[in-house]
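# Remarks on the overall topology
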Amino acid sequence: MSRFFSRPAVLACTLALGLQACGGSELPPESIAPSAPEVQAQSLTQDAAPDILAQLQAVPGLTVLQERPPSPSGARIFVLAYDQPADHLHPNGTRFQQRMTLVFRNAEAPMVLASTGYGISTSPGQTEPTFLLQGNQLQVEHRFFGPSIPQPANWRLLSIEQAAADHHRIVQAFKPLFPGKWISTGGSKGGMTSLYHRAFFPRDVDATVAYVAPNSYGTQDPRYVKFLSKLGTPACRESIRGFQREVLERRTETEPLFQATAAAYYGSTYDFLGVDKALEFSALEFAFAFWQYGDASLCDEIPPPGGSAQGLVDFLDDVVGLSYMSDGDLDYYAPYDFQAATQLGSYASDEAHLRGVLRYPRGYDPRALVPFDMRPYPFNPFVMPIVEGWVKAFGERILLVYGENDPWSTGAFSVSARNDSYRFYQPGGNHGSRITGLPEAEQAVALERLRSWAGLPTESAATLSLRARSAASADLPVTTGVVDRRRGPPRD
């Protein structure tokens, strides 16, 4: 491991972003976690106090908000809040409560640190790695989402460095209670968040499983247009382009129906963007959304040219969602759009076939979706290439899962087998791809490495296959943890 990339403060200095740690100073010790003697004094061993509730209540800065009813198998489920500094370089300043959920099976089981990259639902559930390992799970809400937002909100502190430090403090606080192996995971932005955490604090966890996690260049990365231009048959691609054009050519019909249908079914308004721009951006999103959660079978459902305007609006709702550009969704997902506009990047849309019907060419950009002035917050083009380079050269024990047809796979991270890291694609898969959807041989490799990293004994191929197929019978719902704007905010 290179010393350059192994020191979080030096990496932060290299990125020249929010954690301005240049000059050789690490994050202040008090901003990272309680001191070791303090943890030892206030944490309880399993032998001394087997009640997990008492152990949680003894963690400095942790509040147990609720214990929910246990799962059918007896797993205990808690809703927690952890006291965090808004700025990890100035821990004596503004602080906030970061919301988490804990699924507790037993202290000896592996711990899965799950990130959504967005808000979280407090309803019981587990990620795929948690289910496959029958482990404990600590799911973390990303800063600036839901109630996990500093007051007042300083948006300059919404960065991958600060979020990584959030996760680092949480790991340090919980490891005395869970001394076994730790696996981090997340889907989409949650997977990205897990990888950023590893880049800044590579020793916090033993391994990472990241699902459909992209790495984009700029706020309108053109690589996505090229990827989409090769998906499906020529006839299907032409139908997609024709649908987009017809929605915009027939604005006088589709726009009032777009507004009325959204208001009737979702209570949506479009005061920030305006109905005209919201319709255009939704039409531009259509091609990406079509493949992100659909497949080739959806091609036959595209309304034929010349159909009813209501049919066009309804299909746009089916694929994109009429609330996608609404005031409510843009307000909730403003932290994501802010990050996309300043560090993470996003995808470009193909506009070539829409000349003459676009009113806001090249206007569909994450900067346009943030409901406040973005001029003080420029995009930093150096962040993602540096993280990408670290993952490829130094990322150890990383498992990446992508969908063959998921547009986000355009920006797939690369890993090296010499670092015991792997990347797999689910054939025909979209943004919901998972380990249990991989071909049998690749699935066996993924499951074997996951169990090895978690410190669990190797199982036979037959047992691994049975375990992978039994998600439907799990005691808690199983998910990759993907949260997406198109699906709306997480619900309790």
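Notes on the structure in this doc start here. Residue numbering note: each chain is counted from 1, following its sequence as written. In view of the model being predicted, local features appear only for residues whose pLDDT reaches at least 70, and side-chain atom pairs are presented and counted only at 80 or more, with totals across whole chains, interfaces and linings using the full set of residues. Side-chain metrics in this entry use all non-hydrogen atoms of the structure; hydrogen atoms and water are not considered.

## Overview of the side chain of Asp 475
Put simply, the rule reads: In this description a helix means any DSSP run of H or I spanning at least four residues, a strand means any run of E spanning at least two, and both kinds are numbered starting from the N terminus. Identification of polar contacts relies on pairs of N or O atoms within 3.5 Å, with a donor-acceptor requirement for protein atoms, meaning one able to donate a hydrogen and the other able to accept it, and with residues adjacent in sequence counted only if both atoms are side-chain atoms. In what follows, a contact means two residues having at least one pair of non-hydrogen atoms within 4.5 Å.
As for its position among the elements, Asp 475 is in the loop between α18 (461-469) and β11 (478-479). One polar contact links Asp 475 to Ser 73, side chain to side chain, over a distance of 2.3 Å. A polar contact is formed between the side chain of Asp 475 and the side chain of Arg 105, at a distance of 3.2 Å. Excluding its chain neighbours within four sequence positions, the residues that come into contact with Asp 475 are Ser 71, Pro 72, Ser 73, Ala 75, Arg 105 and Gln 126.

## Focus: helix α15 (residues 334-344)
The condition is simple: The buried label goes to any residue with under 20% of its type's maximum accessible area, the exposed label to any with over 50%, and the partly exposed label to all in between, with areas taken from a 1.4 Å probe on protein chains only.
In terms of burial, α15 is a largely internal element, eleven of the eleven residues being buried. Listed as buried for α15 are Ala 334, Pro 335, Tyr 336, Asp 337, Phe 338, Gln 339, Ala 340, Ala 341, Thr 342, Gln 343 and Leu 344. Buried positions along α15 lie against α7 (160-174), α8 (189-200), α14 (327-332) and α16 (383-394). Of the residues flanking the end of α15, it is Gly 345, one or two places downstream, whose phi is positive at about 80°.

## So, the state of the cysteines
The line we're drawing: Disulfide: a pair of cysteine sulfur atoms within 2.5 Å of each other.
Scanning the model with the defined rule gives one disulfide in all. Each sulfur in the disulfide pair Cys 236 and Cys 299 lies 1.9 Å from the other. Between Cys 236 and Cys 299, the S-S torsion sits near -75°, and that sign places the bridge as left-handed. In this pair, Cys 236 sits in helix α10 (residues 234-249) while Cys 299 sits in the loop between α12 (275-293) and α13 (309-319), placing the two residues 63 residues apart along the sequence. Accessibility expressed as a relative area gives 15% for Cys 299, which makes it buried.

## With respect to the sheet that holds strand β1 (residues 62-68)
The strands making up a sheet associate through hydrogen bonds between their backbones, and the pairing can be parallel or antiparallel. Rule in force here: When DSSP finds two or more bridges between a pair of strands, those strands are recorded as paired. Interaxial angle, 0 to 180 degrees, is taken between N-to-C directions of lines fitted to C-alpha atoms, where a helix line uses only the stretch in contact.
The nine strands lie next to each other as β1-β2-β3-β6-β4-β7-β8-β9-β10, forming an open sheet whose pairing is mixed. Both outer strands of the open sheet, β1 and β10 (422-426), are each paired with one neighbouring strand and no more. The sheet shows a mean angle of 20° between the axes of neighbouring strands, taken without regard to direction. Strand direction decides the pairing type here: strand β9 (residues 398-403) and β10, joined by five bridges, are parallel. Within β10, the residue paired with Leu 400 across the bridge is Arg 423. Seen against the sheet, α8 touches β4 (111-115), β7 (182-187), β8 (207-211) and β9 and runs at an angle of roughly 140° to β7.

## Description of the environment of Phe 78
Within the element layout of this structure, Phe 78 appears in strand β2 (residues 76-85). Its relative accessible area of 0% is what places Phe 78 among the buried residues. With 14 residues separating them along the chain, Phe 78 and Val 64 place their C-alpha atoms 7.0 Å apart. The contact partners of Phe 78, leaving out residues within four places of it in the chain, are Ile 52, Leu 53, Leu 56, Val 64, Gln 66, Glu 67, Met 100, Thr 101 and Leu 102.

## A word on helix α11 (residues 251-266)
Threshold: Multiplying one less than the number of residues by 1.5 Å gives the expected span of a helix. Think of it as the arc spanned by the lines of direction from the helix axis to the C-beta atoms.
Here α11 spans 21 Å end to end across 16 residues, near enough to the 22 Å set by a 1.5 Å rise per residue. Restricting attention to buried positions, one finds in α11 the residues Arg 251, Thr 254, Phe 258, Thr 261 and Ala 262. Take α11 and look down its axis: the buried residues cluster within an arc of 115°, on one side only. Set apart from the buried face of α11 by more than 90 degrees, the exposed residues are Thr 252 and Ala 264. If you follow the buried residues of α11, they end up packed against α10, α12 and α13. Just beyond α11, the residue with positive phi is Gly 267, at close to 65°.

## Some details on the side chain of Ser 421
In this structure, Ser 421 sits in the loop between β9 and β10. Residue Ser 421 is classed as buried on the basis of its relative accessible area of 3%. At 3.0 Å, the side chain of Ser 421 forms a polar contact with the backbone nitrogen of Ile 398. With sequence-adjacent residues up to four places away left out, Ser 421 is seen in contact with Gly 395, Glu 396, Arg 397, Ile 398, Val 415 and Ser 416.

## Quick look at the packing of α7 against α8
Spelled out, the test is: The labels follow the angle: roughly parallel below 35 degrees, roughly antiparallel above 145, roughly perpendicular from 65 to 115, and oblique for the rest. Just so you know the grouping, Ala, Val, Leu, Ile, Met, Phe, Trp, Tyr, Cys and Pro go in nonpolar, Asp, Glu, Lys and Arg go in charged, and all remaining residues, Gly too, go in polar.
Contact pair α7 / α8: the axes reach a minimum separation of 9 Å and the direction vectors enclose 80°. In terms of axis orientation, α7 runs roughly perpendicular to α8. Between α7, through Ile 160, Glu 161, Ala 164, His 167, His 168 and Val 171, and α8, the contact on the second element is made entirely by Thr 193, Tyr 196, His 197 and Phe 200. Per-class residue counts for the contact of α7 with α8 are five nonpolar, four polar and one charged.

## Quick word on the pattern of salt bridges
Selection criterion: Here, a salt bridge means any Lys or Arg side-chain nitrogen found within 4 Å of an Asp or Glu carboxyl oxygen.
Within this structure, the stated rule accounts for 20 salt bridges. A salt bridge links Glu 249 to Arg 245; the nearest nitrogen and oxygen atoms lie 3.0 Å apart. Here Arg 245 and Glu 249 lie together in helix α10, a separation of four residues that amounts to about one turn. Given the relative accessible area of 48%, Glu 249 is considered partly exposed. Owing to a relative accessible area of 26%, Arg 245 belongs among the partly exposed residues under this scheme. Here Arg 251 and Asp 276 are joined by a salt bridge, their closest N and O atoms 2.9 Å apart. With Arg 251 in helix α11 and Asp 276 in helix α12, this residue pair connects regions lying 25 residues apart in the sequence.

These figures capture arrangement, not role.
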